[in-house]
Amino acid sequence: MNQILVIAWREVTRLRKRFGGGASPLAVVALMAVLGLSAYYLRDTVSLGSGLYRVGVSGDVPAISDSRFAVMEVDVVQGQTMLEQKVIDVFIDSSQVYSRGDDKSQFAVRALKQYMEKQELIRVGNSFPDADAFPLRVGLNYLGAAEQAAAQNEAGPTSSITKPEEVIIPSLTPPPAPFTQVLVALLYIMPITFISIFFTSSFMDEKMNRRLTILLSAPVTPFQIIFGKMLPYAIFALVSTALIAALTKTNILLALAIFAPTTLFIFAIYLMVPLFYRTFKDTTFIAMLVTTLTTAYLVFPAMFTNVNDLAYISPLALAVKMYRNEPFGWREYLFPSLPMAAIFGLAMFAGTRLLNEEFLMGYKPLTRKLSDAIYLMMAHSKPYIAVPLWSLITIPVVYMTQIVFLAFATNLPVGLILGFTLFASALVEEVVKTVGIVALVEHGAVKSWREIVGLAFLSALGFLVGEKLLLLVSISMVSQAQVSGALFGAGLLLFIPLIAHFVFSTIITLLRTKLKFPYWLALGIGTVVHFFYNVYVLRGGM
Amino acid sequence: MIAPFFAVVKKELASVIRDRTIVISILIQLFIASFSSALLLGMLSLYDSDTIMKFGGAGIKIGVVASPDTELASLMSERGLTVLQFATLKEAQTAFFNNEVSAVVDTPLDENGITQIKLYLPELDAVSSLIRMVIQEPLKQYENYLRGQKGIEVRYTDMKGKPSTSYEFVYSVLIPMLMFFPAFVSGSMSVDSLTEEVENKTLQTLLSTPLSINGMVSAKILASVILSFVQCVAWIALLQMNGIVIQNTGWILCLAAIVAGITSTAAMLGAVMLQDRERSQFIYSLLLLAGAGISTILNSSPITALSRLAIGDAYTSGWNVAVFAVFLATLYIVLMKMSRCLLV
């Protein structure tokens, strides 16, 4: 523990030295001020795009201050001609709206309609008494199982409504959509990402100066080095989370609980960057890839909070709930947090295995480096333990990747979506199952046919166990349904997939290691077989 | 002078291609583009009542308890919802529990001049938010009708138009993103390529060649801009193959190249002054954010200019692009004055 604190303190000193003195703190403060200022100016214009439509107005028309519209004053004749000549998209003459039949003009009308409706409501609300301006109240009641039972037992009208009635004014209460809350939740991610980029650059700096080499020869373990260097940044990240929570007036402890696993997850991924980069440009690209993927993974599901239970794979969905003052339980909390924590654990493990001079300093193709990394992670114990364990613990990664592929697939023509998803999932699964064995063979740790086939079986077994566990956990967490019994009840149902997985990984590993096929080709062949198996199963063949 | 200059440009491009990392950058752009349109598609189908009505509106059945005021019921049918009449609330609720209707609207009651309606929705979040989405428009129209009865005239209620979200997304998010993301990357690349020379101590060697310091810096910038330009050309071609109409492609590519020049020059300026990657990249990303903010406040954002060029706006032309060229030239002159920092 002491060692960790020493390294952490050294890290803080290093940062202070780097950013102390000179003009850079001033520049940062000035830039931050500009950022704040522009955010302040732009706070009302979150609408999509700016200056897309041109609108001509004449007579008594409410001021249009929406960034999408460029407005100009014209007289009636001029307005009509400009509309004809497609110079403007819409022409408003007092309360009369003129448009053309083409798409662009019609889009402008719809966009304008939404804006004008709001303006009219403000005008009506200001110039008439409330009861006249808003003459409608809608009471929302929810009917569930309890009400159904009550309705069947009693003769009278339903008396027991469990949820209190929620009264809304339709024109003032838009239907629930979580966009704003997702944007607020995204505020938390920005500083965490920035801080973890600093964490990455600190590692790279040490690697560049060869100071890491000295540190490695000191009597500290790689775990202590990584953890010690991470500690100050993790504290910064948590402080920034607490600050944002305080500024947005929400429960600080709850926010910390929600974002702590996310912070760990982001740090885990950024820990991989300095381990694998060879040149500075590598770092930029890898870091960018990582940022995009994590942001997408966090934002995409959260947009569907309350519409789809799968939204809970992102912790932002929890933050959305938090901002809406809606309760959520342990299941909802653990569903996104556990895989993230698991990935952090995996990354820490990988980090401690890879933090050695030979691996860090070598300039090799990225694929070669990956293979070395996997070998180093496996070499700690006997292959027959390492291989199934690897298949088992990489399941959260597989699961996250498959979700990303699903999002990709929604862009394809409808007929291709299912096929693409099936193929991509098969590919990811096969990579995970075989890459370890291939790395072991290439490093000479495994040689004979028998060993390879045996390992392929163990890998398939580890993968299947992990997959079913994950399925069980996620199903019981999200819907609490009785599906789990069905999943595990039929023993034969598990036996066939096991054999299938075994066959696919054997094909790939043998093609690669014994017949010396290139890995991508072997992988492709195995994936195609796996794909047809998936299609066959889906068609109801089994 | 010219030959060493192009030798550096060539070396920079070759190293990017050799590292294969540019592939990651292209993948990212593809990913962002497809992910954001997936997001849009998903949101449209879940949160946009027009889209919901188009694809499954008639399947949504609303039970209405009979009342003398049939205005709301007819507004709902006009919207395309299937409306079933029931004599009493009890009957309607029974139908609800038998899954014959998805929601029930009770008789409007008048209470001190305010009309009260009770709406019964299923407990499941997903279904109830869907119903609230589609019933919103008829409710608002009904509210306007009630206002009309009280003598309050609400203007602009008869506007229709077509749903504009996809259009706005393509021209104000997708195209600017694909055109400017390469520029953003090229700035980062310039920082990397210079700070790497400094930290590997190869800069002095490079400067002993017949290339001036300004020549070296410019060559690195040019390499980044070329890379970004090639990507933009590819994206424009791909977008047009997908049937997206883009006007003024020449000016758009010109603007994209100028913006790539601006980001690379600005990034290089930071790198020349700070000379280490950590701080330069940080300042560069802050500068990007600040630049985007300021240009929006000044109402001359390159994003707006680009969207307007792409939709063929009547008031936007090459002159709007020229503004950015002037800015680039200024920035470049500053960089040429500052590059001496590297020699000390």
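In this text, all values refer to a predicted model and were calculated from it rather than measured experimentally. (Residues numbered from 1 in each chain as written. Chains lettered and ligands numbered in written order. Predicted model: local features only at pLDDT ≥ 70, side-chain atom pairs only at ≥ 80, totals over all residues.)

1. Examining the overall build of chain B
Item 1. Tallying secondary structure elements over chain B gives 13 helices and five strands in all.
Item 2. Taken against the 2.2 N^0.38 rule, which gives 20 Å for 344 residues, the C-alpha radius of gyration of chain B at 29 Å runs more than 25% over that of a compact globule.
Item 3. Within chain B, the fraction of its 344 residues that count as buried is 42%.
Item 4. For chain B, contacts bridging at least 24 residues in sequence account for 74% of all contacts bridging at least 6. (Helix = DSSP H or I, 4+ residues; strand = E, 2+ residues; numbered from the N terminus. Rg over C-alpha atoms; globule rule 2.2 N^0.38 Å. Buried ≥ 20, exposed ≤ 12 C-beta atoms within 10 Å, placed from the backbone. Contact = placed C-beta atoms within 7 Å.)

2. A few points about the overall build of chain A
Item 1. Scanning chain A from terminus to terminus reveals 22 helices and six strands.
Item 2. Split into buried and exposed, the 542 residues of chain A put 37% on the buried side.
Item 3. Contacts in chain A between residues far apart in sequence, at least 24 positions, make up 65% of those at least 6 positions apart.

3. Points about the nonpolar core
For soluble globular proteins, nonpolar side chains are generally found buried alongside one another.
Item 1. Counting 77 residues, the largest nonpolar core has A:V90, B:I175, B:M179, B:L255, B:A256 and B:L306 as its most contacted members.
Item 2. In terms of residue count, helix α10 (residues 249-274) of chain B provides more of this core than any other element does, 16 residues in total.
Item 3. The contact partners of B:A256, leaving out residues within four places of it in the chain, are B:M179, B:F180, B:A183, B:F229 and B:C232.
Item 4. Formed by 62 residues, the second largest nonpolar core is a distinct cluster that contains A:F198, A:L264, A:L318 and A:F335. (Core = buried A, V, L, I, M, F, W, Y, C linked by C-beta atoms within 7 Å.)

4. A look at the pairing of strand β1 (residues 53-58) of chain A
Residue and element names in this part refer to chain A.
Item 1. A large share of β1 lies buried, amounting to five of its six residues.
Item 2. Pairing of β1 with strand β2 (residues 69-73) involves five bridges; the strand directions are parallel. Bridging across to β2, V57 finds its partner in E73.
Item 3. Relative to strand β3 (residues 90-93), β1 runs parallel, the two being bridged by four bridges. Counted as the bridge partner of V57 is I92 from β3. (Pairing = 2+ DSSP bridges.)

5. Concerning the confidence of the model for chain A
Item 1. Summing up the model confidence of chain A, the mean pLDDT is 78 and the portion of residues at 70 or higher is 82%.
Item 2. Contacts from residues 155-161 of chain A, a stretch scored under 50 in pLDDT, to residues over four places away or in other chains number 13 contacts. (pLDDT = per-residue confidence, 0-100.)

6. Focus: the domain arrangement of chain B
Item 1. Assigned domains of chain B: these are domain 1 (2-43 + 163-343) and domain 2 (49-149).
Item 2. Each of domain 1 of chain B and domain 2 of chain B was reduced to a C-alpha centroid, and the two centroids are 52 Å apart. (Domains from an automatic or database assignment.)

7. A look at the sheet that holds β1(A)
Residue and element names in this part refer to chain A.
Item 1. Taking strand neighbours across the sheet as the criterion, the four strands line up as β2-β1-β3-β4 in an open arrangement whose pairing is mixed. Here the strands that pair on one side only, and so sit at the sheet edges, are β2 and β4 (96-99). Along the sheet, successive strands turn relative to each other by an average axial angle of 25°, direction set aside. (Axes fitted to C-alpha atoms, helices over the stretch in contact; angles between N-to-C directions.)

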